[in-house]
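# Secondary and tertiary structure notes
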Amino acid sequence: MFRAAVRLSVSGVRSLTRTQPGCQAVLASRCYSHGKQETDEEFDARWVTYFNKPDIDAWELRKGMNTLIGYDLVPEPKILEAALRACRRLNDLASAIRILEAVKDKAGPHKEIYPYVIQELRPTLDELGISTPEELGIDKV
């Protein structure tokens, strides 16, 4: 009987003194940059190649532009030139104008970006016969 009482009291004391878990977990640390970082030139080349595909269809054009506009950047004029040429191959003037509207919207409060992009794209716009939203008067709506 004494033996049983001692055993119960010792196990009770152990449970009271054991406040920390028996095994401690190692804190997990995450490294999100395991992959190779893409340079700006590689990024531009990837998108120019995407829009220069000869068999691109309207859905792929819209999907590519939605993805590109989703990034935290204003696309380079050479990417936009390739996208506008894809619009011309598809005979899709509405998408071409929408691309220019998206770039203007993406430039946001930085008023110097959109005129620069239009200046760089002017020869392409003239060659393809694409008017800007300002020239069409739809920027004021």
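Whatever comes next refers back to the structure up there.
The notes below deal with the structure included here.

Rules used in this analysis
- Residues numbered from 1 in each chain as written.
- Predicted model: local features only at pLDDT ≥ 70, side-chain atom pairs only at ≥ 80, totals over all residues.
- Heavy atoms only, no water.
- Helix = DSSP H or I, 4+ residues; strand = E, 2+ residues; numbered from the N terminus.
- Expected span 1.5 Å × (residues − 1).
- Buried < 20%, exposed > 50% of the residue type's maximum accessible area, 1.4 Å probe, protein only.
- Contact = heavy atoms within 4.5 Å.
- Salt bridge = Lys/Arg side-chain N within 4 Å of Asp/Glu carboxyl O.
- Axes fitted to C-alpha atoms, helices over the stretch in contact; angles between N-to-C directions.
- Parallel < 35°, antiparallel > 145°, perpendicular 65-115°, else oblique.

### Some remarks on helix 5 (residues 93-107)
Here helix 5 spans 22 Å end to end across 15 residues, near enough to the 21 Å set by a 1.5 Å rise per residue. Every buried residue of helix 5 is accounted for by Ser95, Ala96, Ile97, Ile99, Leu100, Ala102, Val103 and Ala107. Looking one or two residues beyond helix 5, the residue adopting positive phi is glycine 108, at roughly 60°.

### Re the side chain of threonine 132
Along the polypeptide, threonine 132 turns up in the loop between helix 6 (113-128) and helix 7 (133-136). The class for threonine 132 is buried, based on a relative accessible area of 2%. Setting aside chain neighbours within four positions, we find threonine 132 in contact with Leu100, Tyr114, Ile118, Arg122 and Leu125.

### Digging into the pattern of salt bridges
Throughout the structure, instances matching the rule amount to ten salt bridges. Residue aspartate 44 pairs with lysine 78 through a salt bridge whose shortest N-O separation is 3.8 Å. Of this pair, aspartate 44 sits in helix 2 (residues 40-51) while lysine 78 sits in helix 4 (residues 77-89); the two residues are 34 residues apart in sequence, bridging distant segments of the chain.

### Section: unusual backbone geometry
With a phi close to 55°, asparagine 91 is a non-glycine residue in the positive phi region. In this fold, asparagine 91 is placed in the loop between helix 4 and helix 5.

### Looking at the packing of helix 4 against helix 5
Contact geometry for helix 4 and helix 5: axes closest at 9 Å, N-to-C directions at 155°. By the criterion of interaxial angle, the relationship of helix 4 to helix 5 is roughly antiparallel. Two secondary-structure elements touch here, helix 4 through Leu80, Ala83, Leu84 and Cys87 and helix 5 through Ser95, Ala96, Ile99, Leu100 and Val103.

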